[in-house]
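Listed below are the residues making up each chain.
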Protein chains: 4
Amino acid sequence: MSTKNLKEKLYIIIFEADTWWGKFFDVALLVLILLSVVTVALESVKSLNAEYGLLFDTLEWAFTALFTIEYILRLYASTNRVRYAFSFFGIIDLISTLPAYLGLILTGAHSLIVLRSFRLLRVFRIFKLARFIGEASQLQRALKASRPKIIVFVTAVSIIVMIMGTLMYIIEGGKNGFTSIPRSVYWAIVTLTTVGYGDIAPVTVLGQTVAAFIMILGYAIIAVPTGIVTAELGMAVAKERSSDTRVCANCNLADHDADASYCKNCGEELPQN
Amino acid sequence: MSTKNLKEKLYIIIFEADTWWGKFFDVALLVLILLSVVTVALESVKSLNAEYGLLFDTLEWAFTALFTIEYILRLYASTNRVRYAFSFFGIIDLISTLPAYLGLILTGAHSLIVLRSFRLLRVFRIFKLARFIGEASQLQRALKASRPKIIVFVTAVSIIVMIMGTLMYIIEGGKNGFTSIPRSVYWAIVTLTTVGYGDIAPVTVLGQTVAAFIMILGYAIIAVPTGIVTAELGMAVAKERSSDTRVCANCNLADHDADASYCKNCGEELPQN
Amino acid sequence: MSTKNLKEKLYIIIFEADTWWGKFFDVALLVLILLSVVTVALESVKSLNAEYGLLFDTLEWAFTALFTIEYILRLYASTNRVRYAFSFFGIIDLISTLPAYLGLILTGAHSLIVLRSFRLLRVFRIFKLARFIGEASQLQRALKASRPKIIVFVTAVSIIVMIMGTLMYIIEGGKNGFTSIPRSVYWAIVTLTTVGYGDIAPVTVLGQTVAAFIMILGYAIIAVPTGIVTAELGMAVAKERSSDTRVCANCNLADHDADASYCKNCGEELPQN
Amino acid sequence: MSTKNLKEKLYIIIFEADTWWGKFFDVALLVLILLSVVTVALESVKSLNAEYGLLFDTLEWAFTALFTIEYILRLYASTNRVRYAFSFFGIIDLISTLPAYLGLILTGAHSLIVLRSFRLLRVFRIFKLARFIGEASQLQRALKASRPKIIVFVTAVSIIVMIMGTLMYIIEGGKNGFTSIPRSVYWAIVTLTTVGYGDIAPVTVLGQTVAAFIMILGYAIIAVPTGIVTAELGMAVAKERSSDTRVCANCNLADHDADASYCKNCGEELPQN
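Remember, predicted model here, so these are calculated numbers, not experimental data.

Novice: Honestly, a nonpolar patch on the surface in this entry has me stumped. Any pointers?
Specialist: Residues and elements named next belong to chain A. Residues Trp61, Leu94, Leu98, Tyr101, Leu102, Leu104, Ile105 and Leu106 make up a contiguous nonpolar surface patch of roughly 760 Å² in combined accessible area. With five residues, helix H6 (residues 98-105) is the single largest residue contributor to the nonpolar patch. Among the secondary structure elements, Leu106 is positioned in the loop between H6 and helix H7 (123-126).

Listed below in structure tokens is the structure:
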């Protein structure tokens, strides 16, 4: 096999997902990423690290080795190496291997290995494989169509929390936990989104009244993004379901179900779908 | 009455719900299950157990006896005993009686009696009885149609909480409660879903900024599952309301539009609406 | 004026809201109720009660006197006195005056005066007055149509919290706050509804994992009631908007806008709306 | 350039946003406002103020100077000075400069400078600039159409929290944190909106049962505002998508259905689509 052939084949396996080997590579890689993330996560638990430290270290180096080989292969097989190296996934791929090596030289650099979890974003490539294409693209289209409305909404919410946070800073003051405006704005976000940690909570009557107002506001305006996405998604779903383009040759009716064989208006046979 | 007749009659009463006795058996059983679950729940309250311990014990043995008889009858009446014994409800039925007997031999086994609460799932069989069929099946159809979109959504959410949890572990560190990555991921879930216990809460400015971002994200993306279910449910409701009851005389197809004059499947003329 | 005339006029003013005096009576009564509720609420604040105790007492007795007169008038004017006395609002009306008098005899009975807040429910009668009729009835119709689906949903949620609460009772146990099954079920409700007080929170790894699962579940299934109400409300709104029953005399087209004067299909003049 | 010309040009730049300079002025002003708000916010952080106090003071006076000039120019250029001075934005503009000057005379007046954050509301003027017009107006129209339903909903919610708060005050009492009715109503709002700080939480069994009921209620009725907004927004989106651009040659009506052949207002034939 010539070098060019090898490179092409590698490209098809590593970067595409249309062949059996391409799919297998993507799924296997995702499983590896997931396992490596779980390893990093469990390693961060002190009690587990004390007991299985050696196992975690070994696994981590194994994953690092595999990801390094994968990175080199990607670099080798890609048609435009610079573009890959500076692409979003190219940088993520590099970042997920480097910290392990840097940890040998610099103390503390090792802890950056947790950045590896960003590789999980590759799962979105897997959705290309299966019957999820249609569903994911419907969601994507609906979210895209909603974007300008969402921007208007998020801007309005940002201004609300800034004003409300400033107001509560004046009303409650430092002694009740609202020590600064940024912290009060943080509290306003915690309240408006109905998260409500309770680490900061209003104590004065006026403060609780304003807080109650923010809560009801937050409770009511959650309806807006939901309304936006639902309206768009409803359209996307309805569109896909009703997308039959056949026209009856006899009466020119166009509104046929996807499973219709005859025109519902005049009984003429329709062309096959 | 012959044995075969008895077995058949028992089967109709216990496993089906079309006859008066069948319905009665199902409802009575559900009331018994509910009472037994309430008994177990109240028994777990220390102060009540100290006072009414004997009553609870008596009731529990009574329920165990009844459920044991029911289990034996089910086993006897079922046409395929092995299949019933290893079916979901077969195992649940067994599990809800065994711990009481095991508690006589093994200390501690008795506490497993709380597993009896799983029997409450039998309520979904009751829905078959009444006018809830249509409603439940509409919900079910909508949820089924939403499933692939929900899977895409849950995967995206899982990756977001993993990345956000890891990020917060680096930013906040162990001294602020983010002692390990799994714990930080748990915090991210608590925050994204807007539950917000407050047992772990960010303290640093950067941590609170990232937390604010997660909250707004969680507040915004709750729109997505809602949008999905609403769009599908709207379709299911609209479909049922506009359902045409005409059946084609030629091919027996029933799913006609209200404005159809001819069968879309075979072209036969339909009766006027 | 004869007694009968007086009684009839009183009935129209007190029980109906179609005349100017009837509307005035209803609005004035609502303002009085609101004021009396505010008085009771402020009286419960210790610092305010210490200072303005006498004022509150005077106001309370004034409201009690007015409500007593109103109750007697209602009893006098109603066509069927027994039915009114035992109706929902009849009992509420009685309960809102009695505790003040009982407080003179029995110590403690006075505190029941807070039950007066139930009189606020009369506000729903006010909605009958104004342009809110259409809106309120649209909401009502949508909620009514949603009821069977909501029942199925609430039953499912109840079983989920019972099973989850029991599970957490076994996993976490009394030392982490899950002291009994009812308390654990309470925690499950707090978590599933995304309220999240944080007074009880899981501590073990397994407990936190199950909790995370409940949260994501709660976050996802909130979509269901929203979807149900939205689908029904969308129908109700669409129906009201498109409720033009006119048919074109020339081409029999029926789907006209409410503001159309001519048939959009053939240009024929339509009958006036 | 004559004075009148200058005044007119200033008006176009400052109050309108149709020319290049008008847009530039609006965007530049918004950036200044944002920077000044950030300065005020950071100044409120004690540690930052200790270190960069002089820088913050300098910046604040610079912003105050710029806003003062802007206010004078607005006053000068406006066609009706009294109307501007007493308009919402006129008062906000004045308030955002005054505290700095007042701070020189009165101690404490300076802290009112945080009111400057209200100027952020000017961002909504920026939306006029760009392609957000359509989106913002769709949102606005949907919210406007929802208003009467939202009022009915908010009234119902207010009564629910008042009754529930009063109930919990009786059940739990002062020793468990429910020290007064207003505070209990505050708790009911915190719970119903699913915020759940946890600063006040029911302790008795009856209290927890009622709380659980409020939570499930809050969880269920969040569906109502969402349903309202979604239904209206769906209509607004659907309308815009299906908008027919044909105009009647006879009566200039523009709002035709896509399938209309004749003007619904005057019966004139429309051009083919």
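That was the structure; now back to the text.
Novice: How should I be thinking about the interface of chain D and chain A in this particular structure?
Specialist: Many descriptions give the size of an interface as the accessible area lost when the pieces come together. At the interface, 44 residues of chain D touch 44 residues of chain A. A buried area of about 3900 Å², summed over both sides, lies between chain D and chain A, and 78% of it is on carbon and sulfur atoms. Applying the counting criterion to the chain D and chain A interface returns zero salt bridges. Across the contact surface, chain D and chain A share five residue pairs in polar contact (both at pLDDT 80 or more). The set of elements that each furnish at least two residues to the side of chain D that touches chain A consists of helix H2 (20-43), helix H7 (123-126), helix H8 (132-172), helix H9 (181-192), helix H10 (205-221) and helix H11 (223-241) of chain D. In terms of residue count, H11(D) provides more of the side of chain D that touches chain A than any other element does, nine residues in total.

Novice: What should I look at first to understand the pattern of salt bridges in this one?
Specialist: Opposite charge on two side chains permits them to pair, given that their charged atoms come into close proximity. The final tally for this structure, using the stated rule, is eight salt bridges over all chains. Here A:Asp93 makes a salt bridge to A:Arg74, at a shortest N to O gap of 3.7 Å. Of the two residues, A:Asp93 sits in helix H5 (residues 88-95) while A:Arg74 sits in helix H3 (residues 46-77), which places them 19 residues apart along the sequence. An identical accessibility class is assigned to A:Asp93 and A:Arg74; each is buried. The residue C:Glu70 makes a salt bridge to C:Arg74 at a minimum N-O spacing of 2.6 Å. Of this pair, C:Glu70 and C:Arg74 both sit in helix H3 (residues 46-77), four residues apart, roughly one helical turn. Residue C:Arg74 is classed as buried on the basis of its relative accessible area of 1%. Among the ionic contacts, a cluster of salt bridges with common partners joins A:Glu70, A:Arg74 and A:Asp93.

Novice: What am I meant to see in the interface of chain A and chain B here?
Specialist: Every contact between the two is made by 54 residues of chain A and, on the other side, 54 residues of chain B. Between the two partners, chain A and chain B, sit zero salt bridges. For the side of chain A that touches chain B, the secondary structure elements donating two or more residues are helix H2 (20-43), H7, helix H8 (132-172), helix H9 (181-192), helix H10 (205-221) and helix H11 (223-241) of chain A. The biggest single contributor to the side of chain A that touches chain B is H11(A), with nine residues.

Novice: Please clarify how the packing of aromatic side chains should be interpreted in this entry.
Specialist: Working definition: an aromatic ring pair is given by the centre-to-centre distance plus the angle between the planes. Using the criterion set out here, one finds 36 aromatic pairs over all chains in the structure. Seen in terms of ring centroids, A:Phe178 and A:Trp187 are 5.1 Å apart; in terms of plane orientation they differ by 70 degrees. Their pairing is edge-to-face. Across the pair, A:Trp187 and A:Phe178 agree in class, each one buried. Measuring from centroid to centroid gives 5.4 Å for B:Trp20 and B:Trp21, while their planes differ by 85 degrees, and the two rings are edge-to-face. For B:Trp20, a relative accessible area of 61% corresponds to the exposed category. Three or more aromatic residues joined by ring pairs make a cluster, and in this case those are A:Trp20, A:Trp21 and A:Phe24.

Novice: Explanation requested: the nonpolar core in the structure shown.
Specialist: Most often, soluble globular proteins have nonpolar side chains that are buried together. Counting residues in hydrophobic clusters, the biggest one holds 148 residues, and the most contacted among them are A:Trp187, B:Trp187, C:Trp187 and D:Trp187. Within the second largest apolar cluster, 18 residues are counted, among which are A:Phe15, A:Val37, A:Phe63 and A:Tyr84.

Novice: What is the right way to look at helix H1 (residues 3-15) of chain A in this model?
Specialist: Residue and element names in this part refer to chain A. Over its 13 residues, H1 extends 18 Å from the first C-alpha to the last, a length consistent with the 18 Å expected when each residue adds 1.5 Å. For H1, the set of buried residues is Leu10, Ile14 and Phe15. Looking straight down H1, one finds its buried side chains confined to an arc of 90 degrees; they lie on one side.

Novice: Where do I start with the packing of H3(A) against H6(A) in this structure?
Specialist: Between two packed helices, what matters for the description is the angle formed by their axes and the separation of those axes. Residue and element names in this part refer to chain A. The N-to-C vectors of H3 and H6 enclose an angle of 120 degrees; their axes lie 9 Å apart at closest approach. Between H3 and H6, the crossing angle belongs to the class labelled oblique. Counting all contacts with H3, which are made through Trp61, Thr64 and Thr68, the residues of H6 involved are Ala100, Tyr101 and Leu104. For the contact of H3 with H6, the residue count by class is four nonpolar, two polar and no charged.

Reading guide: rules and limits
- Residues numbered from 1 in each chain as written.
- Chains lettered and ligands numbered in written order.
- Predicted model: local features only at pLDDT ≥ 70, side-chain atom pairs only at ≥ 80, totals over all residues.
- Heavy atoms only, no water.
- Patch = residues over 30% accessible without salt bridge, like charges linked within 9 Å, V, L, I, M, F, W, Y side chains within 5 Å.
- Areas by Shrake-Rupley, 256 points an atom, 1.4 Å probe, with all protein chains shown as cover.
- Salt bridge = Lys/Arg side-chain N within 4 Å of Asp/Glu carboxyl O.
- Helix = DSSP H or I, 4+ residues; strand = E, 2+ residues; numbered from the N terminus.
- Contact = heavy atoms within 4.5 Å.
- Buried area = accessible area lost by both parts, 1.4 Å probe.
- Polar contact = N/O pair within 3.5 Å; in protein donor to acceptor, adjacent residues only side chain to side chain.
- Buried < 20%, exposed > 50% of the residue type's maximum accessible area, 1.4 Å probe, protein only.
- Phe/Tyr/Trp six-rings, centres within 6.5 Å; stacked < 30°, edge-to-face > 60°.
- Core = buried A, V, L, I, M, F, W, Y, C linked by side-chain atoms within 4.5 Å.
- Expected span 1.5 Å × (residues − 1).
- Arc of directions from axis to C-beta.
- Axes fitted to C-alpha atoms, helices over the stretch in contact; angles between N-to-C directions.
- Parallel < 35°, antiparallel > 145°, perpendicular 65-115°, else oblique.
- Nonpolar A, V, L, I, M, F, W, Y, C, P; charged D, E, K, R; others polar.

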